[in-house]
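Analysis of the macromolecular model
As a plain string of letters, each chain reads:
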Amino acid sequence: MFNAVIDAPFGKIGVRLEGETVREIVYLPDSVANVEPDSPLAKQAVEQIKHYLRQASASFDLPLADVGTPFQRRVWKAIGEIPPGVVLTYGQLAKQIGSVPRAVGQACGSNFFPIVIPCHRVVASGGIGGFAHTGGDGYYRNVKRWLLKHEGVPYA
């Protein structure tokens, strides 16, 4: 199912490949078994993710699968330009790309490449906002909190 699964401070991270591209990065609970990288690309993805988990300013250079709608890809491109330690609200990002906050939020939640495309850097105007199409507190919101704190942006 996954080409690699590694430990993370908030659980696990799974990597799926498709051909010579990364197809998906998934946040997983601790109960999922680790999987050693099964290819050079899986190993490269794991190394870059681990580097980010040690150093929030790390950058990524991975071949990503061509997925998502044109609108989602436009949102994800804008998210990719947000530097570590900086957050934008859904409204700010929407204004930047000529859209509306709800549509931006939906595109964020549909991100196939979290961490690499740092959707955790997009928050609600009144707080942390949702994450991975989930609202309320829970696993994914805690992942978002950890990632923001790791980058020096505290959210309760």
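Residues numbered from 1 in each chain as written. Predicted model: local features only at pLDDT ≥ 70, side-chain atom pairs only at ≥ 80, totals over all residues. Heavy atoms only, no water.

A few points about the overall build of the protein chain
Helix and strand content of the protein chain: five helices and five strands. In sequence order, the protein chain lays out its α and β elements as β-β-β-α-α-β-α-α-β-α. Here the protein chain has a C-alpha radius of gyration of 15 Å; the compact-globule value for 156 residues is 15 Å, and the two agree. Along the longest, intermediate and shortest principal axes, the C-alpha atoms of the protein chain span 40 × 35 × 25 Å. The proportion of buried residues among the 156 residues of the protein chain is 46%. Considering only contacts in the protein chain between residues 6 or more positions apart, those separated by 24 or more positions represent 58%. For the protein chain, the exposed area adds up to about 7,700 Å²; of that, 53% sits on carbon and sulfur atoms. Across the protein chain, the 16 positively charged side chains and the 13 negatively charged ones have centroids separated by 10 Å. (Helix = DSSP H or I, 4+ residues; strand = E, 2+ residues; numbered from the N terminus. Rg over C-alpha atoms; globule rule 2.2 N^0.38 Å. Buried < 20%, exposed > 50% of the residue type's maximum accessible area, 1.4 Å probe, protein only. Contact = heavy atoms within 4.5 Å. Areas by Shrake-Rupley, 256 points an atom, 1.4 Å probe, with all protein chains shown as cover. Lys, Arg positive; Asp, Glu negative; His and termini not counted. Charge placed at Lys NZ, Arg CZ, Asp CG, Glu CD.)

Notes on the packing of helix H1 (residues 40-54) against helix H5 (residues 139-150)
Relative orientation of the contacting elements H1 and H5 amounts to 70°, with a least axis distance of 9 Å. Accordingly, the angle class assigned to the pair H1 and H5 is roughly perpendicular. Touching Tyr-52, Leu-53 and Arg-54 of H1 are Trp-146, Leu-147 and His-150, all from H5. Grouping the constituent residues of the contact of H1 with H5 by class yields four nonpolar, one polar and one charged. (Axes fitted to C-alpha atoms, helices over the stretch in contact; angles between N-to-C directions. Parallel < 35°, antiparallel > 145°, perpendicular 65-115°, else oblique. Nonpolar A, V, L, I, M, F, W, Y, C, P; charged D, E, K, R; others polar.)

What about the pairing of strand E2 (residues 11-18)?
Of all eight residues in E2, seven are buried, a share of seventy percent or more. Inspection of the sheet shows strand E1 (residues 4-8) paired to E2 by five bridges, in the antiparallel sense. Counterpart to Ala-4 in the pairing with E2 is Val-15. With antiparallel pairing between neighbouring strands as the criterion, E1 and E2 make up a hairpin whose turn holds two residues. As defined by bridge partners, E2 adjoins strand E3 (residues 21-28) across seven bridges and the pair is classed as antiparallel. When the bridges of E3 are listed, Val-15 appears paired with Ile-25. Where E2 hands over to E3, the hairpin turn is made up of two residues, of which Gly-19 adopts a positive phi near 65°. (Pairing = 2+ DSSP bridges.)

Here we look at the nonpolar core
In this structure, Ile-13, Val-22 and Ile-79 are the most contacted members of the largest nonpolar core, which totals 44 residues. A total of seven residues in this core trace back to one element, the largest contributor, which is H1. Among residues more than four places away in sequence, those in contact with Ile-13 are Ala-4, Val-5, Ile-6, Ala-8, Ile-25, Val-26, Tyr-27, Leu-28, Ile-49, Leu-53 and Ile-115. (Core = buried A, V, L, I, M, F, W, Y, C linked by side-chain atoms within 4.5 Å.)

Re helix H2 (residues 70-80)
Those residues of H2 that fall on the buried side of the exposure criterion are Gln-72, Val-75, Trp-76, Ala-78 and Ile-79. Buried positions in H2, seen along its axis, are confined to an arc of 160° and lie on one side of it. Opposite the buried face of H2, at more than 90 degrees from it, the exposed residues are Pro-70 and Lys-77. (Arc of directions from axis to C-beta.)

Quick word on the pattern of salt bridges
For the coordinates displayed, the defined rule picks out six salt bridges. Of the charged contacts in the structure, one is a salt bridge between Asp-7 and Lys-12, with a shortest N-O distance of 3.0 Å. The class for Lys-12 is buried, based on a relative accessible area of 8%. The salt bridge partner of Arg-23 is Glu-18, with a shortest N-O separation of 3.5 Å. Classification of Arg-23 as partly exposed rests on a relative accessible area of 25%. (Salt bridge = Lys/Arg side-chain N within 4 Å of Asp/Glu carboxyl O.)

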